[in-house]
Each structure stands twice: as C-alpha cells, then as structure tokens.
Amino acid sequence: MDTSRISSFIGDLWDAEIVPQLVQYIRIPNKSPMFDAKWAEHGYMDDAVRLMETWARGKLAAWPDATLEVVRLEGRTPLIYIEVPGQGDDTVVLYGHLDKQPEMTGWSDGLGPWEPVLRGDRLYGRGGADDGYAIFGSIAALLALREQGVPHARCVIMIEACEESGSYDLPYYVDHLAPRIGNPSLVVCLDSGCGNYDQLWLTTSLRGMTGGNLTVQVLEEGVHSGDASGVVPSSFRILRQLLSRLEDQDTGRIIPDELYVDIPDERREQARRSAELLGNDIFDKFPFVEGMKPVTGDLTELVLNRTWRPQLAVTGAGGMPALDSAGNVLRPRTAVKLSLRVPPTLSGAKAGAFLKQLLEKDPPYGARVTFALEKDGSGWNAPQLSPWLADAVSKASENYFGAPAAYMGEGGSIPFMGMLGEKFPKAQFLITGVLGPHSNAHGPNEFLHIPTGKRVSMVVADVVARQYAEGASG
C-alpha cells in the first residue's frame, strides 16, 4: 500500500466532493428527535438521509456487489445500512450518525447552526464534525484502498439518526440486522474527539449519561411575592436543596458514593500522559470569561474529572419567565433539566434509578417533587488493544499526522459503543474523531477541522487494510 497515494486520493476527494456535500448537509436542520418531536412531519431527517444516500450510491458503483439500504422500522428514525464486499471471513463495522443537536445561542457574527461558512481550514455549522462527515470519510477510505487494489475485509457502514437522543432506536436496528451484520472483529467509530489536531487520538473510554426533568411545585398558581414570601417556601430554594443532595455547591463534586467507580490504573496513567502532552490546552480550549479558571490546577485530575468521574450540568430551565417579563410573583414551580455524566463502567440504568430516588424522597415542606427520567445510557471502557491494532494505529498516526498516536478517554457518550461491546466482546475498537480544541460540538460556533477529517479518513483506510493483512497472515 502506497501511503502517499492514500493521502492524495482522500485529500482530493475531500476537496472535490466531501466538503461540498457537508456544506449542503449543514444547511439541513435535522435535529434529533428529542429536540424535534415532529421530525417525521418536518422531513428534515429524510432530507439528510437523501443527501447522503445519493452521494453514497454514486460512489458504491465502484463495487458491483455493494449494497445500500435505508432501513425504516415502524415509528423509528431511519438508518443507512451499507455493505461493501471484501475478502476473507472477517467483518469490519464503521459507524456514524446524521442527526444533530439543536441550534444553541451565542453564535458569532456571520456564523449560525444552519449556515455553512468556510474559513481557512474550518467549516463552521451544526453537524459537520458531529458527525456528518462519518459516512463520507468511511467510503473515502474504502475507495482509496480500491484505487490501489489493496484487499480488505467485508465492511458494514451503519449511519443512525438518533444518536443525539441517546440512540434509543439503535438496539432495534441492531437486532433486526444482526444476521446481516455478522460477527465483526473490528469496529470503527468516527464520532469522538481529539486532544489536538497534531496527531491521532484514540478514545479509550466514554462516560455514560442519565438525566431528565426535575420539577418542584409549591402552589397551584403564582401569588404576590410581598404577600407570600416568608410564608410559602420558594420552589427555587427547594430545588437548590434537592440539588445539594447530589452536588457539592462549593466544589462541584458529586456527593453520593453510589455514582463512583474504581478508576483502572491504566486509565490513570493514560490521563497523566495526556496531561503532560496537552498541558494547559486541557482547559484553554474552552472559552472562559476573563479571570475565570478551571476547578483545579492539577491537570491529571482535570482529565480524570472529565472522563471517569460523575459530573452534573443543568442544561435547561422551566417555570421562569424571561427577565423583562418577571413581575413580583412567587412562582408556583421551578423546573430544570439535569444532565449527569456517569463513569464508563457504571450502569446507566442503575444510576438513573438512584438519581430519581435521591431527588424525590422526603420532599422539603411536602412540596410536589417529580423527576422525569429521560436518559439512562451506560458508558464504555475499551478492551485491551491487540498488538496488531496498537502497531497499526501507531504507524498510521506517524504516516498521516507525522506524530505518535495518543490515548485518552472522552467525557461524552456514544451509546452504540457500549451496545456493540456487549454484543461482540471479542471485537477490537478504533474510536476516534475530529472534535478537537474549540470545535465546540453541541454549542455555538461548531466547526469541522478539514485537515483532521482528511487524515482520520486516511488512518481508517490504513487500519482496515492492516486488519485484513493480519487476518490473512494468521
């Protein structure tokens, strides 16, 4: 395999076709079902599927026996399922998703979630990096191998449309397609992050997530605050009390021991090495206001906080009028949306059940407290890398990035990984991505770093080829 030809082929395809396709994709407001209950009626998800399907079918013509199907189970988001024939008995699964997070506020002038903007090496807009590029990058990798006649195993590409809502539709598709998927020996996922844009980063773990809507109600309707305050407990104050059962307000540490796990020594060492490699970039990548600092100056602890410890974020609020409409009223209720990240090896279902019990028990003053659980996804801890994969990753990073590969856990969730890890415990995993410093997935000013997208596609081609060569050599 000529790595320079791999680089040229993929780089040219990205410039000529993939970037223009992603520009069109960013314009589609195909928000995940949790953020667009009428997604089927609006049709944006079908628009995104159609765009990807059309491009992919044109490229799959290179393989006479390749197939593409948009699978649609009743009442569920669609899934793009592709099979590319190969040699030998092994199967490689390549995964991505096409649904998007909602708009979010705070985009810079000239930028917006559905307005693709190309500035230098960055393509701004929602979903390009998370994770619209995955189908294009996967097919580009396989085309690059075909262009040189390099053999590879049978490849299955799966692009779901529910990941940003917790992948609740995906288990049904995996079960439905199980006889066709087979028993993969390698799973490639392009939905993760990178510590910098200078080298290949492999994701070693993913946190799980549980969360939902916590509501505190004290009155049937709002009343004059001058009349009621001091007599009727504030719903906001009660909510603060309930959150203090979960989180230390001074440090942000999650209080219950039930939400922690023992961190493996290997992961602690990887966190230490990542801290040495990245330095202050661990926190400098975030847009802190002037004078703000991270929760601790210990860089290794910051990595572990982000990857192996539970952490709480309040991501929405209800029952509160806008500031310019807030009269002197003691409000009847306060509600917040909670997002609790949990350690990779902790059961998301158990964490969710524990959280509900913790928040609803013994409500202060007898207030009406409800916690409506929305998510309870488990995380994932990567199996030990096989020697061949560790070597392949190392060489691929040197070939296409010019630097050694690096390893670090991620704080986000990819439910598909835990699902496949359980179903295929002997599979190897290559989890990587393009979400590096300032790329800001889910937030304003999200961008795709195009050179990293190209290089990740090159790495996938290299590793898929190596996987077949290792199998053929026994």
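Quick note: structure is the one above.
Residues numbered from 1 in each chain as written. Predicted model: local features only at pLDDT ≥ 70, side-chain atom pairs only at ≥ 80, totals over all residues. Heavy atoms only, no water.

Chemist: Please explain the sheet that holds strand β6 (residues 154–160) as it appears in this structure.
Modeler: Sheet strands pair by backbone hydrogen bonding; their relative direction is either parallel or antiparallel. Strand order across the open sheet formed by six strands is β1-β2-β6-β3-β7-β17, with mixed pairing between neighbours. Every interior strand has two partners, whereas the edge strands, β1 (67–71) and β17 (428–435), have only one. Recorded for the sheet is a direction-independent mean angle of 20° between the axes of neighbouring strands. Pairing of strand β3 (residues 91–97) with β6 involves seven bridges; the strand directions are parallel. Bridge assignment links His-97 to a residue of β6, and that residue is Glu-160. (Pairing = 2+ DSSP bridges. Helix = DSSP H or I, 4+ residues; strand = E, 2+ residues; numbered from the N terminus. Axes fitted to C-alpha atoms, helices over the stretch in contact; angles between N-to-C directions.)

Chemist: For this particular structure, what's the right way to read the side chain of Asp-99?
Modeler: Positionally, Asp-99 belongs in the loop between β3 and β4 (117–119). Notably, Asp-99 is buried but unbridged: the nearest opposite-charge side chain belongs to Lys-375, and the N-O separation is 9.6 Å. Within the structure, the side chain of Asp-99 is placed 3.1 Å from the side chain of His-97, a separation counted as a polar contact. Setting aside anything within four residues of it in sequence, one finds Asp-99 in contact with Tyr-25, Asn-30, Ser-32, Met-45, Asp-130, Glu-160, Ala-161, Cys-162, Glu-163, Glu-164 and Ser-165. (Buried < 20%, exposed > 50% of the residue type's maximum accessible area, 1.4 Å probe, protein only. Lys, Arg positive; Asp, Glu negative; His and termini not counted. Salt bridge = Lys/Arg side-chain N within 4 Å of Asp/Glu carboxyl O. Polar contact = N/O pair within 3.5 Å; in protein donor to acceptor, adjacent residues only side chain to side chain. Contact = heavy atoms within 4.5 Å.)

Chemist: What's the story with the pattern of salt bridges in this structure? I'm lost.
Modeler: It is possible for side chains of opposite charge to pair when their charged atoms get near one another. Applying the stated criterion across every chain yields a total of 25 salt bridges. Where Arg-126 meets Glu-446, a salt bridge forms, and the shortest distance between an N and an O atom there is 2.7 Å. A residue pair is termed long-range when its members are at least 10 positions apart, and Arg-126 in the loop between β5 (122–124) and α4 (128–148) and Glu-446 in the loop between β17 and β18 (447–449) qualify at 320 residues. Note that Glu-360 is salt-bridged to Lys-356, the shortest N-O span being 2.8 Å. One end of the pair, Glu-360, and the other, Lys-356, are both in helix α11 (residues 348–360), four residues apart, so they sit about a helical turn from each other.

Chemist: Teacher, can you tell me more about the sheet that holds β4 here?
Modeler: One open sheet holds the three strands; their spatial order is β4-β5-β18, and the pairing between them is antiparallel. The open sheet has two edge strands, β4 and β18, and neither has a second partner. Across the sheet, the axes of successive neighbouring strands diverge by a mean angle of 20°, strand direction being ignored. Each of β5 and β18 touches helix α1 (residues 3–26); the most contacted strand, β5, lies at about 20° to it.

Chemist: Please clarify how the packing of helix α8 (residues 265–278) against helix α10 (residues 299–308) should be interpreted in this entry.
Modeler: The description of two helices packed together rests on the angle between their axes and the distance between the axes. As a packed pair, α8 and α10 sit with axes 8 Å apart at the nearest point and diverge in direction by 125°. Put simply, α8 runs oblique to α10. Where α8 crosses over α10, the two elements pack in a sense that is right-handed. Two secondary-structure elements touch here, α8 through Arg-267, Arg-268, Ala-271, Arg-272 and Ala-275 and α10 through Leu-299, Thr-300, Val-303, Leu-304 and Trp-308. Each residue belonging to the contact of α8 with α10 can be placed in one class, and the counts come to six nonpolar, one polar and three charged. (Parallel < 35°, antiparallel > 145°, perpendicular 65-115°, else oblique. Left-handed = near helix turned anticlockwise from the far one by under 90°. Nonpolar A, V, L, I, M, F, W, Y, C, P; charged D, E, K, R; others polar.)

Chemist: Where do I start with the packing of aromatic side chains in this structure?
Modeler: Describing an aromatic ring pair means giving the distance of the ring centres and the angle of the ring planes. The final tally for this structure, using the stated rule, is four aromatic pairs. Geometrically, the ring pair formed by Trp-55 and Phe-136 is edge-to-face, given 5.0 Å between the ring centres and 65° between the ring planes. Separated by 81 residues along the polypeptide, Trp-55 in helix α3 (residues 44–60) and Phe-136 in helix α4 bring together distant segments of the chain. Each member of the pair, Trp-55 as well as Phe-136, carries the same accessibility label: buried. Cation over ring: Arg-76 sits above Tyr-172, and NZ or CZ is 3.5 Å from the ring centre. The ring centre of Tyr-25 lies 4.2 Å from the NZ or CZ of Lys-100, which sits over that ring. (Phe/Tyr/Trp six-rings, centres within 6.5 Å; stacked < 30°, edge-to-face > 60°. Lys NZ or Arg CZ within 6 Å of the ring centre and 35° of its normal.)

Chemist: Teacher, can you tell me more about unusual backbone geometry here?
Modeler: Negative phi values dominate among residues other than glycine, just as trans dominates among peptide bonds. The residue after Asp-130, namely Asp-131, is reached through a cis peptide bond having omega 15°. Within the element layout of this structure, Asp-131 appears in helix α4. In this structure, Asp-362 takes a positive phi of about 45° despite not being glycine. Inspection of the secondary structure puts Asp-362 in the loop between α11 and β14 (368–377). Given the relative accessible area of 63%, Asp-362 is considered exposed.

Chemist: Would you take a moment to explain the nonpolar core for this structure?
Modeler: Within soluble globular proteins, side chains that are nonpolar tend to cluster in buried spots. Counting residues in each nonpolar core, the largest one holds 74 residues, and the members touching the most others are Trp-14, Leu-22, Met-52, Ile-80, Ile-82, Leu-98 and Ile-135. The residues touching Ile-82, leaving out its near neighbours within four places in the chain, are Ala-56, Leu-60, Thr-67, Leu-68, Ile-135, Ile-139, Cys-155, Val-156 and Ile-157. If you look at the next biggest cluster of nonpolar residues, it comprises 26 residues, including Val-187, Trp-380, Ile-414 and Phe-424. (Core = buried A, V, L, I, M, F, W, Y, C linked by side-chain atoms within 4.5 Å.)

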